[in-house]
Amino acid sequence: MNFTRPPVLVVGAGPAGLVVALTLLQNSVPVRIINKDLNPRIGQRGPGIKARSFELFNFPDVPEVNDLGKPVPVIRLYKPGTLECMAESLIAPHTEPTPAIPFQSAKMLGQQLLDVILRRHLDKFSCFVEMGTELRSVEQSDEGIMAVLARNGTLETFDTKWVVGADGAKVLASIWKLQTREDEVGEDGWQFVIFDTDLDLTKVAQSEEMIFEIIASFVPTEITVNIRIVNKLSEGRGFVVGDAAHVHSPIGGQGLNSAVQDALYTSSIWVGSLHWSKKDLPTTLFLRHNSERLPVISEMLEMTTTILNQSLEANHFAVPQRPILSMLGINCRFSNIVLDEFAIPGKPINAYGVLDEKDLEAGDRAPDAPNMLHAGRGESQVKTLFGLYRPWYHTVLVFAPSHGDATPILGALEAYDTSVVRSAVVLPSSASVTPVTSPADFVLVDQEGHAYSAYLMEAGQMKVFVIRLDGVVGAIVHGAEGVKKYFSKIFLDA
């Protein structure tokens, strides 16, 4: 096979496919991304962006998602056939940000605009979506993938190493058996949100006839809710993410958000395990993809289906306001990849849990902390812990009473390639801010105590946190030996 071509083929250019492509390009992994449609999709599907998704968009440096997001509107439920308001609520309540959770509230950003934002970031790498290009078939071997593509009636055989099916990649998804459940929502019981700058919404709200005319112009008389999930997210050199892997009720707004998490997680496997330019990765390593991500998606489907059933039984679709829907409590504590030398064994684990800021274990999301003071040599623009985390390297946080206490751990980190492992010493507020010479990439003083609070550090205590490329705490260990043990599971040559 000819592998002078991009080693990754991404099929589908919705948010999931675009995030996979972007994060791989940021890691110097060439990508080819195709989309069956001739033009970008028009329409605002999946507009609700959850708190955890804003964090994940922050890591690959896509701040426009948060900047352009709009506040969640008020939802009114009307008595059927009338303009009598039965209830009023928010899809998600507004919550003020905290030092550990800078993106607390959900916002609205239509998929059409989100796609534009992500495509513009791809443009910076001279990577452009090949519209009107369809995946017809895939054959894989131990050496790679042979994909047959179609464009303008012409077939092309494309040899690559890996393929990612995103959103509408039906050909790739058909490799695996889908477990499907379908529910039908009846003709009555619709609730609508109408946004249009060209409409006089005050006038529309006073006219039942106008409201029904607008609704009738674009809404079918019934809807079928598909609920399905593949029995595995990866097979050999093929992966599926987003809608190609799981489809579920729109209630709870987990769909697009789960797809983005799928995408960032999938791309992090490649770059987090070994630098591609040096050696190809064995397919056995990607068993982690199924073992860590599939339980999370399975619990998500169970939760959203429960909410759907409750709504059907109650014969109305009240907007659920549940902390679990923020997705901040999603974890992989159950994974045999993560390492926690402080965790209490035997505790029950809920992969799709509610965030508990008083309990931080390996497998949880890594908290943020602002107003960090740079105490290393040279200049640094990093002022928050989130400013450290990026999807192209592991971040090792060494919480130590003094810089001298961190020296043995920093020495052990010198064995790892600095392109995939970065280090930061985090000192307490009582530490001197005098610049120090350090082998660490960053020396930070937690001048306001936010980092020590969020990471549950006690005075005089020493801990090491390894933050994965997907913003998850991969390890919490005592020192150098724990770091070596954790990385031995990640790096093939560690």
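The rules we used
- Residues numbered from 1 in each chain as written.
- Predicted model: local features only at pLDDT ≥ 70, side-chain atom pairs only at ≥ 80, totals over all residues.
- Heavy atoms only, no water.
- Helix = DSSP H or I, 4+ residues; strand = E, 2+ residues; numbered from the N terminus.
- Buried < 20%, exposed > 50% of the residue type's maximum accessible area, 1.4 Å probe, protein only.
- Areas by Shrake-Rupley, 256 points an atom, 1.4 Å probe, with all protein chains shown as cover.
- Pairing = 2+ DSSP bridges.
- Axes fitted to C-alpha atoms, helices over the stretch in contact; angles between N-to-C directions.
- Core = buried A, V, L, I, M, F, W, Y, C linked by side-chain atoms within 4.5 Å.
- Contact = heavy atoms within 4.5 Å.
- Expected span 1.5 Å × (residues − 1).
- Phe/Tyr/Trp six-rings, centres within 6.5 Å; stacked < 30°, edge-to-face > 60°.
- Parallel < 35°, antiparallel > 145°, perpendicular 65-115°, else oblique.
- Left-handed = near helix turned anticlockwise from the far one by under 90°.
- Nonpolar A, V, L, I, M, F, W, Y, C, P; charged D, E, K, R; others polar.
- Polar contact = N/O pair within 3.5 Å; in protein donor to acceptor, adjacent residues only side chain to side chain.
- Salt bridge = Lys/Arg side-chain N within 4 Å of Asp/Glu carboxyl O.

1. Quick word on the overall build of the chain
At step 1: From N to C terminus, the chain includes twelve helices and 24 strands.
At step 2: A burial count over the chain gives 52% of its 494 residues as buried.
At step 3: Accessible surface, the chain: about 22600 Å² in total, of which carbon and sulfur atoms supply 52%.

2. Description of the sheet that holds strand S11 (residues 154-160)
At step 1: Read across the sheet, three strands follow the order S9-S10-S11 without closing on themselves; strand pairing throughout is antiparallel. Each edge of the sheet is formed by a strand with only one pairing partner; in this case those strands are strand S9 (133-140) and S11. Within the sheet, the average angular offset between the axes of one strand and its neighbour, ignoring direction, is 25°.
At step 2: Across seven bridges, the pairing between strand S10 (residues 145-151) and S11 is antiparallel. The residue bridging Ile-145 from the neighbouring strand is Thr-160, located in S11.

3. Details of the nonpolar core
In summary, soluble globular proteins display a tendency toward joint burial of nonpolar side chains.
At step 1: Leu-385, Tyr-389, Leu-397, Tyr-455 and Phe-465 are the most contacted members of the largest nonpolar core, which has 72 residues in total.
At step 2: Among the elements that line this core, the one with the most residues is helix H1 (residues 15-26), at eight residues.
At step 3: Aside from chain neighbours lying at most four places away, what touches Leu-397 is Leu-385, Leu-388, Tyr-389, Ala-424, Val-426, Tyr-455, Lys-463, Val-464, Phe-465 and Ile-467.
At step 4: Residues Ala-375, Ile-409, Leu-410 and Phe-491 belong to the second largest nonpolar core, which totals 30 residues.

4. Details of H1
At step 1: Compared with the 16 Å implied by 1.5 Å per residue over twelve residues, the 16 Å span of H1 between its first and last C-alpha is a close match.
At step 2: Burial analysis of H1 places twelve of its twelve residues in the buried class, which makes it a mostly covered element.
At step 3: One or two residues past the end of H1 sits Ser-28, with phi positive at roughly 65°.

5. Quick notes on the side chain of Thr-305
At step 1: If you trace the backbone, Thr-305 turns up in helix H9 (residues 287-314).
At step 2: According to the relative accessible area criterion, Thr-305 is buried, its value standing at 9%.

6. A closer look at the packing of aromatic side chains
At step 1: Summed over the entire model, instances satisfying the criterion amount to twelve aromatic pairs.
At step 2: Arranged with centres 6.1 Å apart and planes meeting at 35°, the rings of Phe-54 and Phe-103 form a pair that is tilted. Of the two residues, Phe-54 is situated in helix H2 (residues 51-58) and Phe-103 in the loop between strand S6 (85-90) and strand S7 (107-108); the sequence distance between them amounts to 49 residues.
At step 3: Here Phe-54 falls in the buried class, since its relative accessible area comes to 3%.

7. Some remarks on the packing of H1 against helix H4 (residues 111-123)
At step 1: Relative orientation of the contacting elements H1 and H4 amounts to 20°, with a least axis distance of 10 Å. Here H1 is positioned roughly parallel relative to H4, judged by the angle of their axes. The handedness of the crossing between H1 and H4 comes out as left-handed. Listed contacts from H4 to Pro-15, Leu-18, Val-19, Ala-21, Leu-22 and Leu-25 of H1 are Gln-111, Leu-114, Asp-115, Leu-118, Arg-119, His-121 and Leu-122.
At step 2: A per-class count over the contact of H1 with H4 returns nine nonpolar, two polar and two charged.

8. Points about the environment of Lys-232
At step 1: For Lys-232, the location among the structural elements is in the loop between strand S14 (223-230) and strand S15 (234-235).
At step 2: What makes Lys-232 partly exposed here is its relative accessible area of 28%.
At step 3: Sequence separation between Lys-232 and Arg-293 is 61 residues; the distance between their C-alpha atoms is 9.6 Å.
At step 4: At a separation of 2.7 Å, a polar atom in the side chain of Lys-232 contacts the side chain of Glu-235.

9. Here we look at the pattern of salt bridges
At step 1: Within this structure, the stated rule accounts for 16 salt bridges.
At step 2: One salt bridge in this structure joins Arg-32 and Glu-130, with 2.8 Å as the shortest N-O distance. Here Glu-130 lies in strand S8 (residues 130-131) and Arg-32 lies in strand S2 (residues 31-35), a separation of 98 residues in the sequence.
At step 3: A residue is classified by how much of its surface remains accessible, and Glu-130, at 26% relative accessible area, is partly exposed.
At step 4: Salt bridges linked by common partners bring Arg-333, Lys-347, Asp-359, Glu-361 and Asp-364 together as one network.

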